[in-house]
Amino acid sequence: QVQLVESGGGLVQPGGSLRLSCAASGMIFSMYVSGWFRQAPGKQRELVATITSGGTTNYVDSVKGRFTISRDNAKNTVYLQMNSLKPEDTAVYYCAARRDIVPNYNHWGQGTQVTVSS
């Protein structure tokens, strides 16, 4: 049974940093594409960053240069380092995974709240 568990969310001031972690189990992690999504109140869920099994990354324009996604296959964990946080980054952040041969994310974590406020 595939399980994704996020951690690392919290309250941070504008300009601050947080690192989110997503620990995976029940899967051959190195064969999966991992992604971080976020959903703010009243808004649609947004894909923030992805990383392929080979380490290729992609970001939504609004976080380029501020967020970094990475993975440690030995630890079955994917990370999202978030720097220079802005109030508009406030959202519930979700980790997701899919096999690299399928188009849709079909494994999801429970989400972790990130609040950027002074």
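Preceding this section is the structure that the text describes.
As the structure is a prediction and not an experimental result, all values here were calculated from the model.

*Asks:* With reference to specific residues and values, describe unusual backbone geometry.
*Replies:* Even without a glycine there, the phi angle at Asn76 is positive, about 50 degrees. The residue Ser84 is not glycine, and still its phi comes out positive at about 50 degrees. As for its position among the elements, Ser84 is in the loop between strand 8 (77-82) and strand 9 (91-99). Given a relative accessible area of 41%, Ser84 falls into the partly exposed group.

*Asks:* If you had to explain the nonpolar core to someone new, which residues and values would you point to?
*Replies:* The biggest cluster of nonpolar side chains holds 28 residues, and the ones touching the most others in it are Trp36, Phe67, Ile69, Val78, Leu80, Met82 and Tyr93. Residue assignment for this core shows that the elements contributing at least two residues are strand 3 (18-25), strand 4 (32-39), strand 5 (46-51), strand 7 (67-72), strand 8, strand 9 and strand 11 (112-116). Sequence-distant contacts of Val78, that is, excluding residues within four places in its chain, are made with Leu20, Ser21, Cys22, Phe29, Ser34, Trp36, Ile51, Ile69, Ser70, Arg71 and Cys95.

*Asks:* So what's going on with the pattern of salt bridges? Which residues, and what values?
*Replies:* Overall, the coordinates contain 5 salt bridges when judged by the stated rule. With a closest N to O distance of 2.8 Å, Glu46 and Arg38 form a salt bridge. According to the relative accessible area criterion, Arg38 is buried, its value standing at 7%. Put simply, Asp61 and Lys64 hold a salt bridge, and the shortest N to O gap is 3.0 Å. Among the residues examined, Asp61 registers a relative accessible area of 62% and is labelled exposed. Here the salt bridges do not stand alone but share partners, grouping Arg38, Glu46, Arg66 and Asp89 into one network.

*Asks:* Got a sec to walk through the environment of Val5? Specific residues and values, please.
*Replies:* Note on placement: Val5 falls in strand 1 (residues 3-7). According to the relative accessible area criterion, Val5 is partly exposed, its value standing at 38%. Along the backbone, Val5 and Thr52 are 47 residues apart, and their C-alpha atoms lie at a distance of 19 Å. Those residues in contact with Val5, other than ones at most four positions away along the chain, are Ser21, Cys22, Ala23 and Gln110.

*Asks:* Tell me about the packing of aromatic side chains, and name the residues and values.
*Replies:* Tallying each qualifying case throughout the model produces 3 aromatic pairs. With a centroid separation of 5.2 Å and an interplanar angle of 85 degrees, the aromatic rings of Phe37 and Tyr105 are classed as edge-to-face. Here Phe37, found in strand 4, pairs with Tyr105, found in the loop between strand 9 and strand 10 (107-108); they are 68 residues apart in sequence, far enough to count as distant. In this pair, the class of Phe37 matches that of Tyr105, namely buried. By the ring-pair criterion, three or more aromatic residues cluster together here, those being Phe37, Tyr105 and Trp108. Against the face of Phe29 rests Arg71, its NZ or CZ located 4.5 Å from the ring centre.

*Asks:* Kindly report on the side chain of Arg38, identifying the contributing residues and their values.
*Replies:* Relative to the helices and strands, Arg38 is located in strand 4. Within polar-contact distance, the side chain of Arg38 engages the side chain of Ser62 at 3.4 Å. Apart from the residues lying within four places of it in its own chain, the contact partners of Arg38 are Gln44, Arg45, Glu46, Val48, Ser62, Val63, Phe67, Asp89, Ala91, Val92 and Tyr93.

Rules used in this analysis
All chains use their own residue numbering, which begins from 1 and follows the written sequence. Confidence filtering applies because this is a predicted model: local features only for residues at pLDDT of at least 70, side-chain atom pairs given and counted only at 80 or more, and all residues used for totals across whole chains, interfaces and linings. Only heavy atoms go into the side-chain values, all of them from the structure, while hydrogens and water stay out. Only DSSP runs of H or I covering at least 4 residues are called helices, and only runs of E covering at least 2 are called strands; the numbering of each starts at the N terminus. Partly exposed residues are those whose accessible area sits between 20% and 50% of the maximum for their type, while under 20% is buried and over 50% is exposed, using a 1.4 Å probe and protein chains only. Side-chain atoms within 4.5 Å are what join buried Ala, Val, Leu, Ile, Met, Phe, Trp, Tyr and Cys residues into a set we call a nonpolar core. Residue contacts are counted whenever heavy atoms from the two residues lie within 4.5 Å of one another. By definition, a salt bridge exists where a carboxyl oxygen of Asp or Glu is found within 4 Å of a side-chain nitrogen of Lys or Arg. To pair, rings of Phe, Tyr and Trp, with the six-membered ring standing in for Trp, must have centres within 6.5 Å; the planes then decide the type, stacked if under 30 degrees apart, edge-to-face if over 60, and tilted in the middle. Placement of a charge over a ring requires the Lys NZ or Arg CZ to be within 6 Å of the ring centre, with the centre-to-atom vector within 35 degrees of the ring normal. Pairs of N or O atoms are called polar contacts if they sit within 3.5 Å, as long as, within protein, a hydrogen donor faces a hydrogen acceptor (for residues adjacent in sequence, only side-chain-to-side-chain pairs).

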